[in-house]
Structures are given as C-alpha cells and as structure tokens.
Amino acid sequence: MNPETQETTGHGDISVGVAGAGASGDGSASATRITPGNALRPEDIALEVRTGLARPTEDVAEYALRLGDDALILAQRLGHWISRAPELEEDVALGNIALDQLGHARSFLSYAGGAWDKSEDDLAYFRREHEFRSAHLFEQPNGDFAVTIARQFVVSYYQFELYRRLTESTDATIAAIAAKAVKEVDYHRDHSAQWVLRLAGGTDESRRRMINGFKLIWPYVGELFVDDALTTRLAEAGAAVEPSSLKADFDRLTGEVLKEAGLEVPDVPAAPGGGRRGQHSEHLGYILAEMQVLAREHPGASW
Amino acid sequence: MAAQNLQSVPDQPAAPQEANAGQGQGQLEADGQAYFDRVMADDSRIEPKDWMPAAYRKTLLRQISQHAHSEIIGMQPEANWISRAPSLKRKAILMAKVQDEAGHGLYLYSAAETLGQSRDQMMDDLIAGKARYSSIFNYPALTWADMGAIGWLVDGAAICNQVPLCRASYGPYGRAMVRICKEESFHQRQGFEILLELSNGTPAQKQMAQDAVNRWYAPALMMFGPPDDDSPNSKQSMAWNIKRFSNDELRSRFVGMMVEQVRVLGLTLPDSEVRFNEDTRKWEHGPLDWNEFKEVLAGRGPCNSQRLERRRQAHDDGAWVREAAASYAAKQVNKQKEYAA
Amino acid sequence: MSPHGNPEEPASAAAEIKHEAPKASPAPAPEDHHGGNVWPLWEVFVRSSRGLSHVHAGSLHAPDAAMALRNARDLYTRRNEGVSIWVVPADAIASSDPDAKGAFFESPQGKDYRHATYYTKSEGVKHL
Ligand SMILES: [Fe+2]
Ligand SMILES: [Fe+2]
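Scope of this entry: the structure provided in the associated data block. Only a predicted model underlies this, so the values are computations on that prediction, with no experimental measurement involved. (Residues numbered from 1 in each chain as written. Chains lettered and ligands numbered in written order. Predicted model: local features only at pLDDT ≥ 70, side-chain atom pairs only at ≥ 80, totals over all residues. Heavy atoms only, no water.)

1. What to know about the nonpolar core
Rule in force here: To qualify as a nonpolar core, a set must consist of buried Ala, Val, Leu, Ile, Met, Phe, Trp, Tyr and Cys residues joined through side-chain atoms within 4.5 Å. To sort residues, take the accessible area from a 1.4 Å probe on protein chains only and compare it with the maximum for the residue type: under 20% means buried, over 50% means exposed, and anything in between is partly exposed. Put simply, DSSP marks the helices as runs of H or I at least four residues long and the strands as runs of E at least two long, and each gets a number from the N terminus on.
Core analysis: the biggest nonpolar cluster contains 209 residues, and Tyr163 and Leu199 of chain A together with Tyr56, Trp144, Trp152 and Tyr173 of chain B have the highest contact counts within it. Looking at which element gives the most residues to this core, the answer is helix H7 (residues 145-166) of chain A, with 14 residues.

This is the structure:
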C-alpha cells in the first residue's frame, strides 16, 4: 500500500487519500472544503408548523400560497433547462436559480399548509388547477433562451422588490422566508440583467430574439402589480404589501437595465391575468399534469 | 500524504531542460522518457507542461474526455424525472444531483483541455457520434425507482471507479476527481434512500424498486469495463498509474458492497450466482452479457440516438447565445480600447 | 530524508546538472475552428474563508470576466467552498518552464541556514 493512502468513508473499502491528492498547498486553504452552511430551510418551517410554533392566519396562508405557487411553477419551468442550456456553465447557473426558487416555494407552501393541516406536498401535488394561485407570468413557456431570460428578468426584479419589503412583515415566518429569499433573488436579478445586456448587445440575431422575448413576456407583467381585497387587508395589517406599491421601483430599476441595453419597454397590451383567482393560462394544466402524475398514481404513498 | 511525493525533489533527477540547438530528436525523447519513467516509479504526478509520451497523452485524452461525455450524457435519464419527482424534497435533491453531473463534466473537460484539445472539439466529436461514453446511459429510466437504482448502482459503481482515480498520475485528472468524489458522496446515498423508501412503502412501490434494481444491476456491473483478460489497455493504464485496480477487481469489490447493502434495502440482486470465494477472497457474480455491452457501446442500445440528439440539439440551440455573448465581449473590449485611445 | 534537517547531515546531493535535455513533447495548440461561439478558458481561484489565500479551484469557459465570475460562483462554490473568487484568463498566466526545474529551483536547495531547524544548538532554549 502506498503510504499516502488513507481510508475514505462512505465509498466502501477503497482507499485513495482523497485529501492528500488534492492538497496543493496547505490543507486549510482547500478550495474543495464543503459545508452545508447555515440558513433557514424549508424543513425548519415545516417543523415550526408541525410543532405549532408557527401558524398562519387564513389570510396569510392564502397569501403564502400565491408566493409559493409562483416560485414552484417557475422552478418547474427552469428545471427543464438542466441538460439543455446553451452552455454547460449555464446548465449549472439555471439549476441554481431553479433550486433557489424551489426552496422558496417549499418554505411558503409548508407555511401556508399550516392553516389547513396540509404539507407542502399535499399542496403541490393534490390541488387542482383552479386551486393554484400562480400568476400567468410564471406559467409562460421557456421558449428560447431569450424568452427565459426575459421572464427571469421580470420575475427577479419583481420578487426582489417584494421580498425586500416582506422582510419587515409583521408575520415573523413570512419575514424570515423573505429574508433568506431576497438575497438569492438579488443574484437572480444580476444573472438576468447580465444576459439581457449580452443578448441585446450581442449579435443581430440575439438582439432580435431578446426583443421578441420581452414582447412575449411583457403582457403578463401587469398582473404582478394588481391589488385585491386580500393584499389590501394584509397590507393594512402590516403582514404584506400592496403589489401596486412595488411598481415604481420595478419600473425604475428594470428601466435602467433596459436603457443600458438599448431596449424599449415593450409597447404591448397587457393580458388580464387571473391566476390569483384560479384562472390560469392554458399552460398550467400541462405543467401540473406532468408534475403531479406520479404522486397521484400513488395517493398516500411516501417517497 | 501526496505532498511528500510531489516534493520529492532532492531525490529526483534534474528535469529535462531547454534543448540546445543541433541536438538530436532521439536524445530529447530518451531524456524525456527517462524523466517520465522516474515520475512513474516514484508514483509522483505528471503536470500539463511536462514531457509525456504521446501514447500517454492520447490515452488520457481519450479516457478523460469519455469520462466527461459520460457525465454530460448521464444527466439525461435523470433530468427526465426532475419534472415528475413525486415530492418537492426529491425534486430538489434530483435537481441538485443532475446539476452536479454537469459540473463533473465541466471539471473533466477542463482537465482534458490541459492535454491540448479544446472542449469545443470534444463536444463536436461527441455529437458527431465519434466519441464514446459510458454505455449505461443508453438505457432508459422508466420509473421513479430508476432514480434510486441509478443513484445506488450507477453512481455507486462510478464512485468505486473514481475514488482510485483521485490518485491518477496525471495531476489535473486526479484533482478533478477529488472534487468530483466529494460531490458524489451524496449521489449514491440519495439513490439508496429512494429505494429504501420505496421498499418500505406500498407493495406497488416495492415492486417498482425491485424492478429497477433488476434492470440496472447488470449494466452497472459492466460499467467497470470488460473482464481483465479481454481488456487490452488496462495493463498499460496501470503501468502509467492512471488505473490502480483492474476491472474485475473493482467489480468484485462493488458486488461485495452491493450484497451487504441490498439486505438493508430489503430487496434482492437479480443474480443467483453471487458468492464470496473463500479461496480467492473475492466476490463472484453470474455471467454478464458482454455481447449486449458491445452492442450498446457500438450504438445499438435502446436510447443511443435519443441521447445524442438531445445533446446535439442543446448545443445547436445554444449556438446563437454563445455567439452573442462572445460578440458582446469583443465589443466591450473594443470600446475600452477606444476609450483609452 | 528531510531536506531541512540537521546541518551535520548532508541533506541532499545536489541534482546533477544536465546541460542537454529534451524539450517537452509540445501539446497541440487548441484549434479555434468555430470562431464566433467559443468562449475562452478562465482559471478560477477560491478563498475558502477570510484570512486564507485564494487557491486554484479549476477552470471554466465564459465570454468575459463578469460572466466568468458568475459561472465560477455557480460552479465552484455551490457547497460554501468560498467567500471570494478570482478569475484569470487562462492565457494570461505565465508559468515557469516545467522542464527547467532543475536549474530554476536549484538555488534554494541546500541552503539549510534559512530554516530554524538548522540551528540545533539553541534547541530547548525557551522562547527562542
Ligand atoms: Fe458524476
Ligand atoms: Fe453522480
């Protein structure tokens, strides 16, 4: 046996000296030292709900459902890019964003479920289409990379403004989820803005596609900023904010990037939306059919 | 520790130096070879700019690029199930797992690039059908339990193969493998736990798990490559300290581990001939269908064309994006030059 | 044998100088046959925590420095491996000639007096 070998755990009895072989310099400076980190996880929310430490009001639960569904449907969409992105590096980048969104979805749904004794999975897999509360924007197909970037751009700037304010929610759980999410979404803003600049300022083809992407996506922007009775009640209670109150910042910040990219805000009529009332795009049915098929084949099963 | 090996400078001959004008090529080769041989004898590492025999470079390039291709193509059978994962937790795990495989492909392409071939060229070879990748990824992932079986058996076999590769004599390859092995450690476990959950679940779930194990067991054993007496390149790879254990040796160890683990799962291996040979102190398994292996490797597997087509499509669909970003970067550089002027 | 041990003990026979030695078999230069859509290679250095040096973590492809940094973040710090990242265009790195290590790195060999271990008579004296 080579003296450098040492046992590794978890991989049977083949010794390799993983640590030794990688040591290029002092071991403590390793660029492969990994840790799980320390942050609020969906499992923590679920535990708080289960143990009765956190329990949303009916209104807050309904609101959390909206945010959770937005993030869940987007994660479902983004997940499709993994193994199909324009370059391998982007497979990983989009995967990270999808995982962030899925994490937010799980936290919001776990919390929402507390009001009705339901788990994140009950809500994700066993609600019917009209019971979902996602806005149409999140349901839009990936299209080409430019469409996905256009959607990401709108979503991330919207979510950033939203979560930024929700960190001050009077509902401690909403505030905590938002505090974790806002940092991640901040990076999503950067990712999409970088790509907007590159696609708009790259080649003639990429510019044409970027403009087209925004044209396809922009009709669904309006729905994000519509107030209704629920958001008004919650805003008054300090648990949430009126969506309309985010609009000015959204317009200003997206406007700055679009200007830098030499793009106009698309002049397209707004679609009526309706996702918050359970009236969805044609796309959602397909998304749910695929997402739920297996879970519904085995009701009550655990995975 | 490896550092000891890497720094055994005092005992080493002076490395070959800059050639003097008029020196014969033959002498250059001979000195380079002598240096290379010393590195091998010391079980030290060869780094990208070192002299190396052309055959060593070629073998490594082939092995590392095939390995990279396998990671990338290997994403597909699992990526297909991300959208249908039966719980959100499993969806997150699977997404992270498939994403890791993209990273593995990347690390390995980078290692291969240090040998003088561009990733772009390797990708072209792959989608042109000129390159090989692990034939197991040409089998279809038919049920959710396949996510379990792939993690447990396929990643499990891959880990068995890869852990010794952390000590491969080519520095960049070994370093890529170190990072990969660290990341792999959750892949096999998540697969195992999928199966465990299914096995302890409803009869339909348990049936699904057993069926998946039945289908992936033999292909997983064949991942270690042909039997030693039919593996002509193995000897050279071992002499070059690329490979540390023979195909059959690794396969036998792997079988031993699976025998233990399948009991915990409450499932069975589809192999009535598995046994521990007290004389050889090795695990033995039933016959494998090497004909099928060769067929699949030659392109006649269930999913070969589908896998390649998907990769080709992603690459082609992404061309305008890559071009846009490259063009944008060039424009920025020009702008800066103008500004400076 | 320790190269920096007791001065009474010869640490190493200085490696023989080879005046004539071969140049490495040159790696074929990567061919850039796609021109437009191939992104250049970047080397990634990660600082794993404050107070430590950046360490080479690997490489990646990116169209420019801004994207290289972001790709590096996504690729090399998914498991909290770092708090800071450097990216460097791979072709901007100048490296010492690996074939010249005999001459290039010979000088420090045998200069044991640069190391505390050389001074054995003061061994055992406190706070020294
Ligand atoms: Fe892998
Ligand atoms: Fe893996």
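2. Topic: unusual backbone geometry
Its identity is not glycine, yet serine 83 of chain A carries a phi of approximately 95°, on the positive side. For serine 83 of chain A, the position within the fold is in the loop between helix H3 (58-79) and helix H4 (88-113). Backbone geometry places histidine 127 of chain C, a non-glycine residue, at a positive phi of 55°.

3. Some remarks on the coordination of the iron ion (ligand 1)
Residue and element names in this part refer to chain B. So the rule is basically this: Listed donor atoms are N, O and S within 2.8 Å of the metal (Na, K and Ca: 3.2 Å). As water is not included, a site may look incomplete. Donor angles set the geometry label: tetrahedral for four donors if every angle is between 85 and 135 degrees, square planar for four and octahedral for six if opposite donors exceed 155 degrees and the others are between 65 and 115, irregular for anything else.
Binding of the iron ion (ligand 1) to the protein goes through Glu71 (OE), Glu101 (OE), His104 (ND1) and Glu184 (OE), at separations of 2.0 to 2.2 Å. Every donor counted, the four donor atoms about the iron ion (ligand 1) form angles of 80 to 162° at the centre, which fits irregular coordination. One chain supplies every donor to the iron ion (ligand 1), and in sequence these donors are spaced E-x29-E-x2-H-x79-E. A distance of 3.3 Å spans the gap from the iron ion (ligand 1) to the iron ion (ligand 2), which glutamate 101 bridges by coordinating each metal. Here glutamate 184 lies in helix H8 (residues 171-199) and histidine 104 lies in helix H5 (residues 88-113), a separation of 80 residues in the sequence. For the pair histidine 104 and glutamate 184, a shared accessibility class is recorded, and that class is buried.

4. Here we look at the coordination of the iron ion (ligand 2)
Surrounding the iron ion (ligand 2) are the protein donor atoms Glu101 of chain B (OE), Asp155 of chain B (OD), Glu184 of chain B (OE), Glu184 of chain B (OE) and His187 of chain B (ND1), at 2.0 to 2.5 Å. Sequence spacing of the donors to the iron ion (ligand 2): E-x53-D-x28-E-x2-H.

5. Some thoughts on helix H9 (residues 204-217) of chain A
Here is the rule we go by: By this rule, a helix spans an expected 1.5 Å times one less than how many residues it contains. Arc definition: it is the arc formed by the directions from the helix axis to the C-beta atoms. The contact criterion used throughout is that any non-hydrogen atoms of two residues lie within 4.5 Å.
Taking 1.5 Å as the rise per residue, H9 of chain A with 14 residues should run 20 Å; its terminal C-alpha atoms sit 20 Å apart, in good agreement. When we look at burial in H9 of chain A, the residues that qualify are Ser206, Met210, Gly213, Phe214 and Ile217 of chain A. Here the buried residues of H9 of chain A occupy an arc of 95° about the axis, which is enough to place them on one side. Of the exposed residues in H9 of chain A, those oriented more than 90 degrees away from the buried face are Asp204 and Arg208 of chain A. Looking at the packing, one finds that the buried side of H9 of chain A touches helix H6 (136-139), H7, helix H8 (172-201) and helix H11 (247-260) of chain A together with helix H13 (304-340) of chain B.

6. With respect to the pattern of salt bridges
All names here are of chain A. Here is the rule: Here, a salt bridge means any side-chain nitrogen of Lys or Arg that lies within 4 Å of a carboxyl oxygen of Asp or Glu.
For the structure shown, the criterion picks out 45 salt bridges over all chains. Residue arginine 189 is joined to aspartate 186 by a salt bridge in which the shortest nitrogen-to-oxygen separation is 2.9 Å. Taken together, the residues arginine 189 and aspartate 186, both in helix H8 and three residues apart, mark about one turn of the helix. For arginine 189, a relative accessible area of 15% translates into the label buried. Salt bridges linked by common partners bring Glu161, Arg164, Arg165, Asp249, Arg252 and Glu256 together as one network.

7. Points about the interface of chain A and chain B
The condition is simple: The definition of a polar contact used here is a pair of N or O atoms within 3.5 Å, where within protein one atom must be able to donate a hydrogen and the other to accept one, and adjacent residues in sequence count solely through side-chain atom pairs. Polar here means any residue other than Ala, Val, Leu, Ile, Met, Phe, Trp, Tyr, Cys and Pro, which are nonpolar, and Asp, Glu, Lys and Arg, which are charged; Gly is therefore polar.
Residue-level contacts link 70 residues of chain A with 66 residues of chain B. Between the two partners, chain A and chain B, sit two salt bridges. Glutamate 89 of chain A is the partner of arginine 119 of chain B in a salt bridge, and the nearest nitrogen-oxygen pair spans 2.6 Å. Our enumeration of links across chain A and chain B arrives at 18 residue pairs in polar contact (both at pLDDT 80 or more). Those elements that place two or more of their residues in the side of chain A that touches chain B are helix H1 (18-22), H3, H4, helix H5 (120-126), H7, H8, H9 and helix H12 (283-297) of chain A. Top element by residues in the side of chain A that touches chain B is H4 of chain A. It accounts for eleven residues. Of the residues assigned to the side of chain A that touches chain B, the class counts are 31 nonpolar, 23 polar and 16 charged.

8. Quick word on the environment of glutamate 43 of chain A
Along the chain, glutamate 43 of chain A falls in helix H2 (residues 42-50). Considering only alpha carbons, one finds glutamate 43 of chain A and arginine 165 of chain A, 122 residues apart in sequence, at a separation of 24 Å. Those residues in contact with glutamate 43 of chain A, other than ones at most four positions away along the chain, are Arg106 of chain A together with Lys89 of chain B. Within the structure, glutamate 43 of chain A has its side chain in polar contact with the side chain of arginine 106 of chain A (distance 3.3 Å).

9. Examining the pairing of strand S2 (residues 54-61) of chain C
Residues and elements named next belong to chain C. Put simply, the rule is: Two strands qualify as a pair provided that DSSP identifies no fewer than 2 bridges between them.
Most of S2 is tucked away, with seven of its eight residues classed as buried. Two elements, strand S1 (residues 41-47) and S2, share seven bridges in a ladder whose sense is antiparallel. Residue phenylalanine 45 lies in a different strand from S2, and its bridge partner there is histidine 56. Taking the residues that link successive antiparallel strands as the turn, the S1-S2 hairpin has six residues, and the phi of glycine 51 there is positive, at about 95°.

10. A word on helix H2 (residues 25-41) of chain B
Residue and element names in this part refer to chain B. For H2, with 17 residues, the first-to-last C-alpha span of 24 Å sits near the 24 Å given by 1.5 Å per residue. Of the positions making up H2, those classed as buried are Leu28, Asp31, Gly32, Tyr35, Phe36, Val39 and Met40. Two residues or fewer after H2 comes aspartate 43, characterised by a positive phi angle close to 55°.

11. Remarks on the sheet that holds S1 of chain C
Residues and elements named next belong to chain C. Our working definition: Helix axes use the C-alpha atoms of the stretch in contact, all axes being lines fitted to C-alpha atoms, and the angles between their N-to-C directions lie in the range 0 to 180 degrees.
With respect to topology, three strands assemble into an open sheet ordered S2-S1-S3, the strand pairing being antiparallel. For this open sheet the edge positions go to S2 and strand S3 (84-89), each flanked by a neighbour on one side alone. Each strand of the sheet is rotated relative to its neighbour by a mean of 25°, with strand direction disregarded. Against the sheet, helix H1 (residues 65-76) contacts S1, S2 and S3, and its axis sits at roughly 110° relative to S2.

12. Topic: the packing of aromatic side chains
Rule in force here: A pair of Phe, Tyr and Trp rings is counted when the ring centres sit within 6.5 Å of each other, with Trp represented by its six-membered ring. The angle between the planes then sorts it: under 30 degrees is stacked, over 60 is edge-to-face, the rest tilted. By the criterion adopted, a ring carries a charge over it if an Arg CZ or a Lys NZ lies within 6 Å of its centre and within 35 degrees of its normal.
For the structure on display, the rule yields 23 aromatic pairs over all chains. Ring plane angle 85° and centroid distance 5.1 Å describe the contact between phenylalanine 145 of chain A and tryptophan 195 of chain A, whose orientation is recorded as edge-to-face. In this pair, phenylalanine 145 of chain A is assigned in helix H7 and tryptophan 195 of chain A in helix H8, connecting sequence segments 50 residues apart. Taken individually, phenylalanine 145 of chain A and tryptophan 195 of chain A each receive the classification buried, so the pair is uniform in this respect. Between phenylalanine 36 of chain B and tyrosine 56 of chain B, the aromatic rings sit 4.9 Å apart at their centres with planes inclined by 70°, giving edge-to-face as the arrangement. Taken as a pair, phenylalanine 36 of chain B in helix H2 and tyrosine 56 of chain B in helix H3 (residues 54-73) lie far apart in primary sequence, 20 residues in all. Residues phenylalanine 36 of chain B and tyrosine 56 of chain B agree in their burial class; the two are buried. Taken together through their ring pairs, the aromatic side chains of Phe153, Tyr157, Tyr158, Phe214, Trp218, Phe225 and Phe250 of chain A make up a single cluster. Here arginine 127 of chain A stacks its cationic end above the ring of phenylalanine 132 of chain A, 4.1 Å away from the centre of that ring. Just above the ring of tyrosine 187 of chain A sits the side chain of arginine 73 of chain C; from NZ or CZ to the centre is 3.3 Å.

13. A short note on the interface of chain A and chain C
The figure often quoted for interface size is the accessible area lost as the parts come together. For clarity, the threshold we go by: Computed with a 1.4 Å rolling probe, the buried area is the accessible surface lost when two parts are put together, summed over both parts.
In this assembly, 21 residues from chain A lie in contact with 23 residues from chain C. For the pair chain A and chain C, the summed buried surface comes to about 2,000 Å²; carbon and sulfur atoms form 55% of the total. In terms of surface lost to chain C, no three residues of chain A exceed Ala31, Glu89 and Tyr187 of chain A, which account for 29% of the buried area on that side. The tally of links from chain A across to chain C stands at six residue pairs in polar contact (both at pLDDT 80 or more). Those elements that provide at least two residues to the side of chain A that touches chain C are H4 and H8 of chain A. With five residues, H8 of chain A is the single largest residue contributor to the side of chain A that touches chain C. Of the residues assigned to the side of chain A that touches chain C, the class counts are eight nonpolar, eight polar and five charged.

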